[in-house]
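Below, each chain spelled out in residue letters.
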Amino acid sequence: MPPIISAMGLTKIYGGIKAVDRIDFEIREGECFGFLGPNGAGKTTTMRMIQCAIPKTSGRLLVKGMEVDERPREIKRILGVVPQENNLDPDFTVLKNLTVYARYFDIPKGEAERRALELLRFVQLYERRDSPVDKLSGGMRRRLMLARALINEPEILVMDEPTTGLDPQARHAIWDKIRALKREGVTVVLTTHYMEEASQLCDRLVIMDLGRIIAEGSPAELIEEHVGSEVVEVDNRPEVLGLIAREGERYEMFGDRIHVLARDPKGFVSKLMGACDLERVAIRRATLEDVFLKLTGRALRD
């Protein structure tokens with residue numbers, strides 16, 4: 001089966017700067033695919049090109065076999081988009097935000113209201129259907145934006161930072177809805193800064209930095225390839241670094257702590273305890289965050 005979205009040499013240049021630099025990727029129908037990266041990595045620019053919101057500079061970008069700069073209207077009809085910023089209409093009620101939006105897709109009034117009420121049940125906002133938007137919590141607004149993105153029954157749902165700023169309960173509520181959509185066969189494409197979110201939701205993902213794709217695979221594959229199954233955390237001390245060098249282990253330094261990507265974590269800890277007088281040492285499961293920090297660094301990005 002051909003990919004539902006594919007890019008070949010996709011490039012976007014702003015004022016001489018390559019925001020997206022000749023990237024290739026394929027997204028399979030029915031999967032959840034993630035774009036991860038620090039600020040300025042190019043992930044949101046890539047998403048906006050998929051949405052036909054901005055033109056590409058060069059390369060190819062196909063959505064269900066259609067080139068984005070040739071058939072944007074047809075592509076937009078099969079997409080649902082949840083942008084990062086809240087752009088709900090504050091002058092409308094919860095229900096009217098959905099029924100008015102349905103007009104963009106020429107959905108008849110009766111059908112629009114039927115779909116809207118069904119979606120409000122799906123996102124657990126049916127009881128708030130007549131409430132003004134400004135009376136909703138942040139989590140409720142994100143759920144309403146998800147419902148709005150589904151009003152045209154899209155084949156592909158594009159979500160930019162879907163749970164930014166939400167509390168854990170609201171975040172998990174959004175996750176549950178995304179999983180339910182996947183079970184119905186909807187292809188989900190998202191960006192996120194939350195590594196746990198990517199691990200929980202994404203079948204596959206890419207990590208971007210400075211406009212390029214620097215890693216691709218499932219969360220489990222990326223962890224095993226770049227970090228291993230476990231990480232040893234230990235105090236940053238000269239004798240520890242000496243042992244690491246003698247053993248030829250990979251490591252990352254994070255302030256006063258060292259993360260050792262040891263081939264045999266338990267064996268390495270035994271050697272540490274025998275050779276060094278340590279206050280703190282721990283073995284923990286490796287995570288996607290370890291991969292992200294190893295590949296993109298810990299420096300803050302504006």
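Residues numbered from 1 in each chain as written. Predicted model: local features only at pLDDT ≥ 70, side-chain atom pairs only at ≥ 80, totals over all residues. Heavy atoms only, no water.

Participant: For the state of the cysteines, give the residues involved together with the corresponding values.
Facilitator: According to the stated counting rule, one finds zero disulfides in the structure shown. Just so you know, Cys-52 is unpaired, no disulfide at all, and the nearest cysteine sulfur is the one on Cys-32, 20 Å from it. (Disulfide = S-S within 2.5 Å.)

Participant: Go over unusual backbone geometry, please, and point to the residues and values.
Facilitator: With glycine set apart, most residues show a phi of negative sign, and most peptide bonds adopt trans. Residues other than glycine seldom take positive phi values, yet Lys-64 does so here, at roughly 50°. By secondary structure assignment, the location of Lys-64 is in the loop between strand S4 (58-63) and strand S5 (66-67). Even without being glycine, Glu-153 reaches a positive phi, approximately 50°. Within the element layout of this structure, Glu-153 appears in the loop between helix H5 (138-149) and strand S7 (156-160). (Helix = DSSP H or I, 4+ residues; strand = E, 2+ residues; numbered from the N terminus.)

Participant: Got a sec to walk through the pattern of salt bridges? Specific residues and values, please.
Facilitator: In this structure the tally under the stated criterion is 26 salt bridges. For Arg-71, the salt bridge is made with Glu-74, and the minimal N-O distance between the two is 2.7 Å. Using a relative accessible area of 35% as the deciding quantity, one classes Arg-71 as partly exposed. For Glu-74, a relative accessible area of 39% puts it in the partly exposed group. One salt-bridge network, held together by shared partners, links Glu-233, Asp-235, Asp-256, Arg-257, Arg-280, Arg-284 and Asp-290. (Salt bridge = Lys/Arg side-chain N within 4 Å of Asp/Glu carboxyl O. Buried < 20%, exposed > 50% of the residue type's maximum accessible area, 1.4 Å probe, protein only.)

Participant: Pulling in residues and values, what's your account of the confidence of the model for the protein?
Facilitator: For the protein, per-residue confidence averages 93 on the pLDDT scale, and residues scoring 70 or more make up 98% of the total. Taken element by element, the protein is modelled with least confidence in strand S12 (residues 250-254), mean pLDDT 83, and with most confidence in S4, mean pLDDT 98. (pLDDT = per-residue confidence, 0-100.)

Participant: Break down the nonpolar core for me, with residues and values.
Facilitator: Of all hydrophobic cores here, the largest spans 57 residues; its most connected members are Leu-144, Leu-157 and Leu-288. If near-sequence neighbours (up to four positions away) are discounted, Leu-144 is found in contact with Leu-88, Val-94, Leu-98, Leu-120, Leu-125, Val-133 and Leu-136. The next biggest cluster of nonpolar side chains, apart from the first, holds 28 residues, and it includes Leu-10, Met-49, Val-68 and Ile-78. (Core = buried A, V, L, I, M, F, W, Y, C linked by side-chain atoms within 4.5 Å. Contact = heavy atoms within 4.5 Å.)

Participant: Could you give an account of the sheet that holds S12, naming the residues involved and the relevant values?
Facilitator: Pairing in this open sheet of four strands is antiparallel, and the strands run S12-S13-S11-S14 from one edge to the other. Both outer strands of the open sheet, S12 and strand S14 (281-285), are each paired with one neighbouring strand and no more. Neighbour-to-neighbour, the strand axes of the sheet open up by a mean angle of 25°, direction not taken into account. Two elements, strand S11 (residues 230-235) and S14, share five bridges in a ladder whose sense is antiparallel. Residue pairing in the sheet places Val-231 in a bridge with Arg-284 of S14. (Pairing = 2+ DSSP bridges. Axes fitted to C-alpha atoms, helices over the stretch in contact; angles between N-to-C directions.)

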